[in-house]
Amino acid sequence: QIDDFNLMWDSPDRKEWADLEPVPQDDGPNPVVKIAYSERFRDVYDYFRALLKHDEKSERALALTAEAIELNAANYTVWHYRRVLLQALEKDLRVEMKYITAIIEDQPKNYQVWHHRRMVVEWLSDPSEELQFTAEILSQDAKNYHAWQHRQWVIQEYKLWAGELEYVEELLEEDVRNNSAWNQRHFVISRTTTYSPPEVLEREVQYTIRQIKKAPHNESAWNYLKGILQPTGLSSYAGLLEQVEGLQGSCCSPYLLGFLVDYYEEALETNGGKYNLTETLNKALGLCDLLAQDQDTIRREYWRYVARTLQSQYDSGETSPPLTEQQ
Amino acid sequence: MAEEVTSVDDFDQIDFLRDRHIRFFQRCLQVLPERYSSYETSRLTIVFFALSGLDVLDALDAVDKPSLVEWIYSLQVVPTEDESNLWRCGFRGSSHIGVPYNTSTGPGSPHPYDSGHVAMTYTGLACLIILGDDLSRVNKKACLAGLKSLQLEDGSFYAVPEGSENDMRFVYCAACVCYMLDDWSGIDCKKAVDYIRRSMSYDSGIGQGAGLESHGGSTFCAIATLCLMGKLEEMFSERELNRIRRWCILRQQDGFHGRPNKPVDTCYSFWVGATLELLDVFQYTNFEKNRNYILSTQDSLVGGFAKWPDSHPDPLHTYFGICGLSLMGEAGLRRVHPALNVSDRALQCLQQLHQTWREGCT
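By the naming in an unreviewed UniProt entry, chain B is Geranylgeranyl transferase type-1 subunit beta, taken from Electrophorus electricus. The Catalytic activity (unreviewed entry) comment attached to chain B in UniProt states, word for word, "geranylgeranyl diphosphate + L-cysteinyl-[protein] = S-geranylgeranyl-L-cysteinyl-[protein] + diphosphate". Quoted verbatim from the Subunit (unreviewed entry) field of UniProt, the annotation for chain B is "Heterodimer of FNTA and PGGT1B. PGGT1B mediates interaction with substrate peptides."

In the annotation of an unreviewed UniProt entry, chain A is listed under the name Protein farnesyltransferase/geranylgeranyltransferase type-1 subunit alpha and assigned to Electrophorus electricus. We quote the UniProt Cofactor (unreviewed entry) comment for chain A here in full: "Mg(2+)". Recorded in UniProt for chain A, the comment headed Sequence similarities (unreviewed entry) runs: "Belongs to the protein prenyltransferase subunit alpha family."

See below:
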């Protein structure tokens, strides 16, 4: 695909380039981190620098940017200059879209290529290929941050929300642990229906609990569950505690236990009088202990720190003190 | 000291091969093969990894400091006679534009496409400080003017005035520049802080921008920026800070990863480790597992560190692997300032410099 756009770079003493004096890089007497370029590489860029200096706007300049990009697609100056030329020469941006599509397929983790694509889409005011394109890139790497960033930009800028929740659900079917997909789920819902309507919140809570049952040790699902409930309060959702405690048998995980710790901490903080403070605190401390000793031992010191923090904040003196000397 | 080539399976017995890493960085500073051509526009950041790395390794003595200082100053984009390019000033990543080598403080010759890059201005200044330079040849007014032109309405920053992507990385770079120049006039702090707040995800991690997935790199950039500004506690309640702590500390698997359900990678031992240190809870992580992971990515032949075991080392992962070890107090390493990402020794030089600047103002 990319070869369709190549001009074979001929020897620099061809007549077409005879009028231009190549400009070498100048690192002075003591170059640092010097890259050892082949002759061809250096030639292309020496001529590129010459064009840049004269700000030449021509077809040969445009062709040279393609050569330069092929050698180093991370050179943002070449991309910028190419954009200047595309506009000055009034080039067909549909052709440019084909070009950038091929380059991104080849180098999907390069920042410059995605920025270039965004500029072309903006100039054309045409986002019609973007959902399909990003889906294609994501089919090769479902967590490519550039692809997700571009996709979110397109959706938000051109209001292409329709069908995105379905797309997210497809991805979660393929991999329920895809954190990028969970993030996208939140992105879509928070900016369309929001989580305020009770039927939306209910649907999302139940959806997430189903996913947890399928894959209990999945931080993404637990983060999502907590994330959508926290704004209104974990304790404000009826029956939540029971549902989560019910999962403890078959779906226990450090995330479930952490969720319960946070639930109890919130209860302590809000202290609506519904709770027996001491009992709640002891439950939270018990969970921290379980996490530290058994369920999340890599974070043993952290869970002890959490317990100490809870203790000093909420201990009214009625809990059993640790076995230390009397004050 | 004999250097053993140990089996990669003997995790607990792997030594930190200090001399190999020193040589790795020294080689970086010389010549790189053509396959590193994608580094061309960011060569100054590679210099930073090498110099700061050697500084942390306490091995800067072998480096030709005066030559390096000159080379770095040759990358400064200085104002032209009529100062019409002030908005484009800062430091270049390399000589790739073709401007002739010039270390003078100006005036510069006009070039239609010559401008600074925020990450190069940041690493350029950091390198000068590491090399003991007093920044007297830095055109501070021009650097700050250059910074201003990079900030968008939403508070984030472009990398270059011609336009580029904008995200948390460049917010951090801009904050470092202001911190080092001891002058926050180059940033609208209110807008920057607002951008950070809006980038917080539902899971309490921080993404590259609003709506984007929370990520260890952007979380570091955001928290470190707030710390450099002195606004961390003003911005986040204790409850929010606790949630950020939780998100960060869950990144530890053995080493650290950057996002939930992603593989670990050596550099996150710094990005996430430093964030945890800034939040006062790094002490509660598992040092042994972290150290063993980082060392498992060490290249015992060539020196350096890679993102994963049995992978090719590169300057970035080598630098951040070493910094990750430094956070845990690894013997023989200088401590690294977790927000500014330079050694404590370099930070002291900077603080002394600031002292003299402030005393000079009467």
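K.L.:
Explain the packing of aromatic side chains here, please?
P.N.:
The description of two aromatic rings rests on the distance between their centres and on the angle between their planes. Following the criterion strictly, the structure yields 37 aromatic pairs over all chains and no others. Here A:Tyr81 and B:Tyr113 contribute two aromatic rings whose centre-to-centre distance is 5.4 Å and whose plane-to-plane angle is 80°, an arrangement assigned as edge-to-face. Taken together, the residues A:Tyr81 in helix α3 (residues 76-88) and B:Tyr113 in the loop between β3 (90-91) and α4 (118-130) connect one chain to another. What makes B:Tyr113 buried here is its relative accessible area of 8%. Relative to B:Phe220, the ring of B:Tyr172 lies with its centre 5.1 Å away and its plane at 65°, an arrangement referred to as edge-to-face.

K.L.:
What is the right way to read the nonpolar core from this model?
P.N.:
Across soluble globular proteins, you tend to see nonpolar side chains buried next to one another. Judged by nonpolar contacts, the single largest core of 224 residues is most densely connected at A:Leu229, B:Val47, B:Leu51 and B:Phe91. With 12 residues, the single largest contributor to this core is helix α6 (residues 168-181) of chain B.

K.L.:
I'm lost on the UniProt feature "domain: Prenyltransferase alpha-alpha toroid" (unreviewed entry) in chain B in this one. Help?
P.N.:
Within this structure's numbering, the places UniProt gives as "domain: Prenyltransferase alpha-alpha toroid" (unreviewed entry) are residues 16-342 of chain B. From the first C-alpha to the last, residues 16-342 of chain B spans 20 Å; its make-up is 44% helix and 3% strand.

K.L.:
What is the right way to look at the side chain of A:Ser220 in this model?
P.N.:
Relative to the helices and strands, A:Ser220 resides in helix α11 (residues 219-229). For A:Ser220, a relative accessible area of 0% translates into the label buried. For A:Ser220, the residues in contact, after removing those within four places along its chain, are A:Arg177, A:Asn179, A:Trp182, B:Pro260 and B:Asn261.

K.L.:
Where do I start with the interface of chain A and chain B in this structure?
P.N.:
How large an interface is tends to be reported as the accessible area lost when its parts come together. Contact with chain A, which involves 65 residues of that partner, is made by 67 residues of chain B. Roughly 6,100 Å² of surface becomes buried between chain A and chain B when both sides are summed, with 51% attributable to carbon and sulfur atoms. On the chain A side of the interface with chain B, the three residues burying the most area are A:Val33, A:Tyr145 and A:Ile298, jointly 13% of the side's total. Inspection of the chain A/chain B interface yields four salt bridges. A salt bridge links A:Asp27 to B:Arg43, with the nearest nitrogen and oxygen atoms 3.0 Å apart. Here chain A is connected to chain B by 39 residue pairs in polar contact (both at pLDDT 80 or more). Of the residues forming the side of chain A that touches chain B, the biggest block, seven residues, is contributed by helix α9 (residues 179-191) of chain A. When the residues that make up the side of chain A that touches chain B are grouped by side-chain class, the tally is 27 nonpolar, 21 polar and 17 charged.

About the cut-offs
Residues numbered from 1 in each chain as written. Chains lettered and ligands numbered in written order. Predicted model: local features only at pLDDT ≥ 70, side-chain atom pairs only at ≥ 80, totals over all residues. Heavy atoms only, no water. UniProt positions renumbered as here; feature names shortened; annotations may be inferred. Phe/Tyr/Trp six-rings, centres within 6.5 Å; stacked < 30°, edge-to-face > 60°. Helix = DSSP H or I, 4+ residues; strand = E, 2+ residues; numbered from the N terminus. Buried < 20%, exposed > 50% of the residue type's maximum accessible area, 1.4 Å probe, protein only. Core = buried A, V, L, I, M, F, W, Y, C linked by side-chain atoms within 4.5 Å. Contact = heavy atoms within 4.5 Å. Buried area = accessible area lost by both parts, 1.4 Å probe. Salt bridge = Lys/Arg side-chain N within 4 Å of Asp/Glu carboxyl O. Polar contact = N/O pair within 3.5 Å; in protein donor to acceptor, adjacent residues only side chain to side chain. Nonpolar A, V, L, I, M, F, W, Y, C, P; charged D, E, K, R; others polar.

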